[in-house]
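What follows is the residue order along each chain.
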Amino acid sequence: MILINVHMLTTPYTLSIMTAKIYITGQTDAGAKLVINGISVPLNDEGRFVYYAPLDWVTQADRNQIKITESDEIGNKTEYGFEVLRDLVGTIPTYPGDLAALTTGSAKMSTPYKFGTNSYQALANADKVRVYAVPMTASSVVKVDGQTLSENGYVDVDVPAAGRTVQILVHPDNAADKQYTLQINGTGSSVAVLRTLKLNNATASQTGDELAAQAFTGAEESYAVYVNNMVDQVTLTPGALKAGSDIKVKGQAVPSGQASQTIQLQVGENQIPVAVTSPDKSESRSYKVAVWREPSSNAQLKQLGLATEGAKLVSDFHPATLNYQVLVPNTTGTITLQPAVEQSDATIRIEGQAVTNGTALSIPITKDAQPLAIEVSAQDGTKLTYNVSILRQKTLPVQPPLLSSLQVNTTLDSAFNPYKLNYGSSFTTTSGKANITAMANDPQAAVTIKGVSLKGGGIFTPDLSIGDNTIIVSVESADRTVSQTYSIDMKRVRNSSSKPDQNERQTTISGSSGGWTYQTSIVRTAEGGKTVDSVKLDAQAARAILERAVQNKDNIARIYVTDVPDAPADERFVSLSTDFLTVLADGGISLQIVLPDVQFTIAEASLQQMGKDGKDAYFRVVPIRADAERSEVTSRVQAAELVQKAAGGQPVIVIGQPIKIETNFSGYKTELLFPLNNLTLPENEAAAKQILSELAVYIEHSDGDKALSQGEIRYDAEGKLAGIAIEINKFSTFTTIQKNGTDALKVLQPYLSGYPDGTFRPSQAITRAELATILQRIGARSTTSTTASTPAAGFPDVAEGHWAAKAIADMQRSGLMLGDNNGLFRPEDAITRAEVASIAARLLPATANSNTPTADYSDTRNHWASEVIKQASQAGILQGYEDGTFQPDNKLNRAEAVKVLNRLFERPLANVKSSSWPDVPQDHWAIQEIESASGTVKLLSDGSVYVAPNH
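None of these values were measured; they are calculated from a predicted model.

Quick notes on the rules
- Residues numbered from 1 in each chain as written.
- Predicted model: local features only at pLDDT ≥ 70, side-chain atom pairs only at ≥ 80, totals over all residues.
- Heavy atoms only, no water.
- Helix = DSSP H or I, 4+ residues; strand = E, 2+ residues; numbered from the N terminus.
- Rg over C-alpha atoms; globule rule 2.2 N^0.38 Å.
- Buried < 20%, exposed > 50% of the residue type's maximum accessible area, 1.4 Å probe, protein only.
- Contact = heavy atoms within 4.5 Å.
- Areas by Shrake-Rupley, 256 points an atom, 1.4 Å probe, with all protein chains shown as cover.
- Lys, Arg positive; Asp, Glu negative; His and termini not counted.
- Charge placed at Lys NZ, Arg CZ, Asp CG, Glu CD.
- Pairing = 2+ DSSP bridges.
- Axes fitted to C-alpha atoms, helices over the stretch in contact; angles between N-to-C directions.
- Phe/Tyr/Trp six-rings, centres within 6.5 Å; stacked < 30°, edge-to-face > 60°.
- Lys NZ or Arg CZ within 6 Å of the ring centre and 35° of its normal.
- Polar contact = N/O pair within 3.5 Å; in protein donor to acceptor, adjacent residues only side chain to side chain.
- Core = buried A, V, L, I, M, F, W, Y, C linked by side-chain atoms within 4.5 Å.
- 1 Å grid on protein atoms, 1.4 Å probe; cavity = no way out; pocket = protein on both sides within 12 Å on 5 of 7 lines; lining within 4 Å.
- Points joined across faces, edges and corners; volume = space filled by probe spheres on them.
- Nonpolar A, V, L, I, M, F, W, Y, C, P; charged D, E, K, R; others polar.
- Parallel < 35°, antiparallel > 145°, perpendicular 65-115°, else oblique.
- Salt bridge = Lys/Arg side-chain N within 4 Å of Asp/Glu carboxyl O.
- Left-handed = near helix turned anticlockwise from the far one by under 90°.
- pLDDT = per-residue confidence, 0-100.

**Re the overall build of the chain**
Next, step 1: Of regular secondary structure, the chain possesses twelve helices and 61 strands.
Next, step 2: Taking 30 Å as the expected radius of gyration for a compact globule of 951 residues, we find that the chain reaches 48 Å, considerably beyond that expectation.
Next, step 3: With the principal axes as the frame, the chain shows a C-alpha extent of 165 × 60 × 55 Å.
Next, step 4: When the 951 residues of the chain are sorted by exposure, 46% land in the buried category.
Next, step 5: Residue pairs at least 24 apart in sequence account for 66% of intrachain contacts in the chain once pairs closer than 6 positions are excluded.
Next, step 6: Accessible surface, the chain: about 46,100 Å² in total, of which carbon and sulfur atoms supply 48%.
Next, step 7: In the chain, 82 positive and 100 negative side-chain charges are present, and the distance between their average locations comes to 3 Å.

Structural data, given as structure tokens:
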């Protein structure tokens, strides 16, 4: 509905001869449209209008029709009309430079438009005001502050809080311009909203970098930003939607568009309240800004801190290198370390003892080759173990005496050479004795064969057993400090009248220093279809061993019970007389018995107690080789309650052969070391360590007791895997097992983790710095020769202390990730699909097969990365979209990134029953990719894949 008032200069419906317009004013609904004689008449915010309708007395000499049409918001129309009659004859003036209407939107004019008045005022209620103007003459051009009216008859102008003056110019075709002035006063808005919010890194080494975050809309009550641990300070730059708004950050006033004071971040959640008040102070709004700072993942040492005099590293220390050897003087009794971490919040444990960063800890050295583990734990739980092997330096041994000649009755298989130590014979013999002539190059040296010693050498006639015989010829210095050993392999065959006989061969007893040896015999007999190797040692052997050990300042004697090549014994029997035990114990000697299946270490205290007990000791070792018996033991072990509980329901496998050990030597502490010759470890160090941690020894005692010992992994002086050691005081059946031990052909560690709040955030963009770190962790290297040797010159926007500086340098050096045309790396920028395609192309081999016939996308033909996109797409690494586009400049999110990396590095996927991430639903398109990237992947021997979450 419309209410209209029509005012004429004279009586209604008659005009004086000077009138060429009619004043029409009225009120209609706000939002309606009003058209008078085809001219759109503007309404103010309340629906009121003032319009001076021009009258045409040229084409309509005596009367003018006035037609008014009103349309509401839903399209209903109402029409009004009347006539204006001309009652005088004369010239009618025109008004080409005048306005027929002037009004405002989002502002209230103090007085409505009045014909002939050129200056007006309005009160704004927003920071943008719409100015409507209608010229009296349709051909006149109207400009508001230089802007021509739009087709809808208005111009929008910005109004600051202090207000502004607007100039309205009317330019007719054939008359002078006329100007109107509109002073708009700003009253301030009642809207309290932020339009923008940016966070900048204020860390000393990275100041000014804008932090990557989700888009800020101003409508959210809570806004979270996630930063890495290297960001320890930030600034907030808020921007108000309405000019004149007041903003406070943590209670401190901050001008709109300017940065706040520096805000220190703690690890985890940091609440930063932001409040905005409307320009008219009537409304306020609070934003809860949370900055989540990741805990540090830096578990690297910056120094080992050797603090022992004379100790030195074999190789220089580097934080990324985890294995070291330290040489110490032979007399050193302790090693003192003062390790320091790169990240102050990391913790250190040396051999299980907590150590404060930078403080010293002394560890006793009890072995010539002693392993030592330094475990560093980062704040986020990342762990690194530095393995240090402490090696006592040995004095160089004196050159041992040598043989000057060697002859046998069966003829040596090659010419004698003093430096060739092993010989065979050219013929077999049926004789029970050999005839050997062995002469030393030192007339004072003793030459010994099977217990017979001759000064300077001579002729020897040792016994031969039926079958293969190994004759040991020992040349020992006069002072018995050094010796050299030669071997001769001879074969005795039976004649028709001979009977099976014992087969005797030589073996060695030596010390830990390697400076002395003693020969003894292994006697092989056949009993009931089984071969038994026996070693018997008495007081005479003990005295000879003790004499050599004392001369070499040694305290360990090792008895080697070796096998015949390709003919292992069914049983092995070691007998030690009471006198043997007593002599060694009184001399302070410990005993080691080294067999192919197990190594015994009997401490000095145990030997002393055994000697006091006054009885001989024996050990009977039987490896379980028969398939049926081994299968029965394996089934029994795998079903044992102790084993099942320790394995947590995961598969269990048996490593090597179970062995039975019988002895009358019980109640004394003994260390057993079981070799791990049958265990194949992956090349990946972390994966190998994981497998070793799953090993244990299951013990079935003859008295019915059962035990499961975790044991300790041992390494030799060269750092090679020696076996798993346990300590016992009684003997039975021993089986080495691997928990969670399905035969894994390959074990892959995760290369991508989640966030401190336990989420993965699959849709979050991945930055260039994050991708560089992942590629370094995987060990990626370019296959393109032209870029593989690119020097790491560094980037001006990657500070030395940047959390990913090393990874970025490695990727630059490898040629995988280069800077932009300005020489910048842009570490915090999100990686694009085109950039990832470029990296993928550098990783693909030159002979990579094409998986797709074409990769011609509509939006890449003139793109800088068109060729590499084609290569990556044809190799099946990156695919386009159904609409035929590739969208090269789109940001790559974390879910897309792991899919690309899994394909590039052929990382296996597994069917997962449930998601291990709360923000990755079970039906997520990339769930298999995400679980594989973030979990430990095992490729099993049956071709199946097993993935275990790593968080």
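**Considerations on the sheet that holds strand β15 (residues 154-158)**
Next, step 1: Strand order in this open sheet of three strands is β9-β12-β15, and the pairing throughout is antiparallel. In this open sheet, the two edge strands, each paired with only one partner strand, are β9 (99-105) and β15. Looking at each pair of strands side by side, their axes are set apart by 20 degrees on average, direction ignored.
Next, step 2: Of the strand pairs in this sheet, β9 and strand β12 (residues 128-135) are connected by six bridges, and their pairing is antiparallel. Pairing of Leu102 across the sheet is with Ala133, part of β12.

**Side note on the packing of aromatic side chains**
Next, step 1: Applying the stated criterion across every chain yields a total of 21 aromatic pairs.
Next, step 2: Pairing Tyr113 with Tyr120 gives two aromatic rings, centres 5.8 Å apart and planes at 40 degrees, and the pair type is tilted.
Next, step 3: Members of the aromatic cluster, joined through ring pairs, are Tyr23, Tyr52, Tyr95, Tyr113, Phe115, Tyr120 and Tyr180.
Next, step 4: For Arg768, the ring lying beneath its charged end belongs to Phe825, and the centroid distance is 4.4 Å.

**A closer look at unusual backbone geometry**
Next, step 1: Positive phi, normally seen in glycine, also occurs at Glu351, with a value near 50 degrees.
Next, step 2: Relative to the assigned elements, Glu351 resides in the loop between β31 (347-350) and β32 (353-355).
Next, step 3: Judged by relative accessible area, which is 42%, Glu351 ranks as partly exposed.
Next, step 4: Unusually for a residue other than glycine, Gln887 sits at a positive phi of about 55 degrees.

**Here's the deal with the side chain of Asp810**
Next, step 1: Mapped onto the elements, Asp810 comes out in helix α8 (residues 805-814).
Next, step 2: Judged by its relative accessible area of 11%, Asp810 is buried.
Next, step 3: In this structure the side chain of Asp810 is engaged in a polar contact, spanning 2.6 Å, whose partner is the side chain of Gln776.

**Focus on the environment of Leu372**
Next, step 1: Checked against the element boundaries, Leu372 lands in strand β34 (residues 369-377).
Next, step 2: By relative accessible area, Leu372 is classed as buried at 3%.
Next, step 3: Linking Leu372 and Ile390, residues 18 residues apart in sequence, is a C-alpha distance of 7.2 Å.
Next, step 4: Those residues in contact with Leu372 that sit more than four places away from it in its chain are Ile335, Leu337, Ile350, Glu351, Ile363, Tyr386, Asn387 and Val388.

**Topic: the sheet that holds strand β14 (residues 147-148)**
Remark on secondary structure: sheet strands pair via backbone hydrogen bonds, oriented parallel or antiparallel.
Next, step 1: With respect to topology, six strands assemble into an open sheet ordered β10-β11-β17-β16-β13-β14, the strand pairing being mixed. The open sheet has two edge strands with one neighbour each: β10 (107-109) and β14.
Next, step 2: Note: strand β13 (residues 141-144) against strand β16 (residues 164-171), four bridges, orientation antiparallel. What sits directly across from Lys143, in β16, is Leu169.

**Some words on the nonpolar core**
Next, step 1: Judged by nonpolar contacts, the single largest core of 56 residues is most densely connected at Ile593 and Phe734.
Next, step 2: Discounting residues that sit within four places of it in the chain, Phe734 has contacts with Pro658, Ile659, Ile661, Leu672, Phe674, Val697, Tyr698, Ile699, Ile726 and Ile728.
Next, step 3: Within the second largest apolar cluster, 52 residues are counted, among which are Val836, Ile839, Ala840 and Val868.

**Considering helix α9 (residues 833-843)**
One turn of an α-helix holds 3.6 residues; hence residues three or four places apart share an orientation.
Next, step 1: Of all the eleven residues making up α9, eleven are buried; the element is thus mostly covered by neighbouring parts of the structure.
Next, step 2: Residues Arg833, Ala834, Glu835, Val836, Ala837, Ser838, Ile839, Ala840, Ala841, Arg842 and Leu843 constitute the buried set of α9.
Next, step 3: Those residues of α9 that are buried lie in contact with α7 (768-778), α10 (866-874) and α11 (894-904).

**As for empty space enclosed by the protein**
Next, step 1: One pass over the structure, following the stated rule, counts three cavities of 30 Å³ or more.
Next, step 2: If you add up the space inside the second largest cavity, you get close to 50 Å³.
Next, step 3: Forming the walls of the second largest cavity are Leu771, Leu775, Val836, Ile839, Leu892, Ala897, Val900, Leu901 and Leu904.
Next, step 4: Listing elements by their share of the lining of the second largest cavity, those giving two or more residues are α7, α9 and α11.
Next, step 5: Counting residues per element, the lining of the second largest cavity draws most heavily on α11, at four residues.
Next, step 6: The class makeup of the residues in the lining of the second largest cavity is nine nonpolar, no polar and no charged.

**So, the environment of Tyr618**
Next, step 1: Topologically, Tyr618 is positioned in strand β51 (residues 617-623).
Next, step 2: Taking the C-alpha atoms as reference points, Tyr618 and Leu576, 42 residues apart in sequence, are found 6.0 Å from one another.
Next, step 3: Those residues within four positions of Tyr618 in sequence are excluded, and the remaining contacts are Phe573, Val574, Ser575, Glu662, Thr663 and Asn664.

**Section: the packing of α11 against helix α12 (residues 927-934)**
Next, step 1: In the contact formed by α11 and α12, the axes pass within 9 Å of each other and the chain directions differ by 70 degrees. With respect to α12, the axis of α11 lies roughly perpendicular. Here Ala895, Val898, Lys899 and Asn902 of α11 lie close against α12, whose contacting residues are Glu929, Ile930, Ser932 and Ala933.
Next, step 2: Among the residues forming the contact of α11 with α12, the class breakdown is four nonpolar, two polar and two charged.

**Focus on the pattern of salt bridges**
Next, step 1: One pass over the full model with this rule turns up 29 salt bridges.
Next, step 2: The shortest N-O distance in the salt bridge between Glu700 and Arg636 comes to 2.6 Å. Here Glu700 is found in strand β54 (residues 695-701), whereas its partner Arg636 is found in helix α4 (residues 627-639), with 64 residues between them in sequence.
Next, step 3: Note that Lys720 and Glu718 form a salt bridge whose closest N and O atoms lie 3.6 Å from each other.
Next, step 4: Using a relative accessible area of 60% as the deciding quantity, one classes Glu718 as exposed.
Next, step 5: A single salt-bridge network, built from bridges that share partners, covers Arg505, Arg524, Asp533, Asp563, Arg572 and Asp597.

**Some words on the packing of helix α1 (residues 539-551) against helix α2 (residues 578-586)**
Next, step 1: At a closest axis distance of 7 Å, the pairing of α1 and α2 adopts a crossing angle of 20 degrees. Looking at the two axes, α1 sits roughly parallel to α2. Seen along the crossing, α1 lies across α2 with a hand that is right-handed. Along its contact with α1, which presents Ala539, Ala542, Arg543, Ile545 and Leu546, the element α2 presents Asp579, Phe580, Val583 and Leu584.

**Description of the confidence of the model for the chain**
Next, step 1: Taken as a whole, the chain shows an average pLDDT of 84; of its residues, 91% reach a score of 70 or greater.
Next, step 2: Per-residue pLDDT stays below 50 along residues 497-501; that stretch engages in five contacts with residues further than four places along the chain or on separate chains.
Next, step 3: In this model, residues 785-790 is a region of pLDDT below 50 whose contacts with residues beyond four sequence positions or in other chains number twelve contacts.

**Re the side chain of Ser606**
Next, step 1: Relative to the elements of secondary structure, Ser606 occurs in helix α3 (residues 604-613).
Next, step 2: A polar atom in the side chain of Ser606 sits 3.1 Å from the backbone oxygen of Lys669.
Next, step 3: Residue contacts for Ser606: discarding those within four places in its chain leaves Tyr668 and Lys669.

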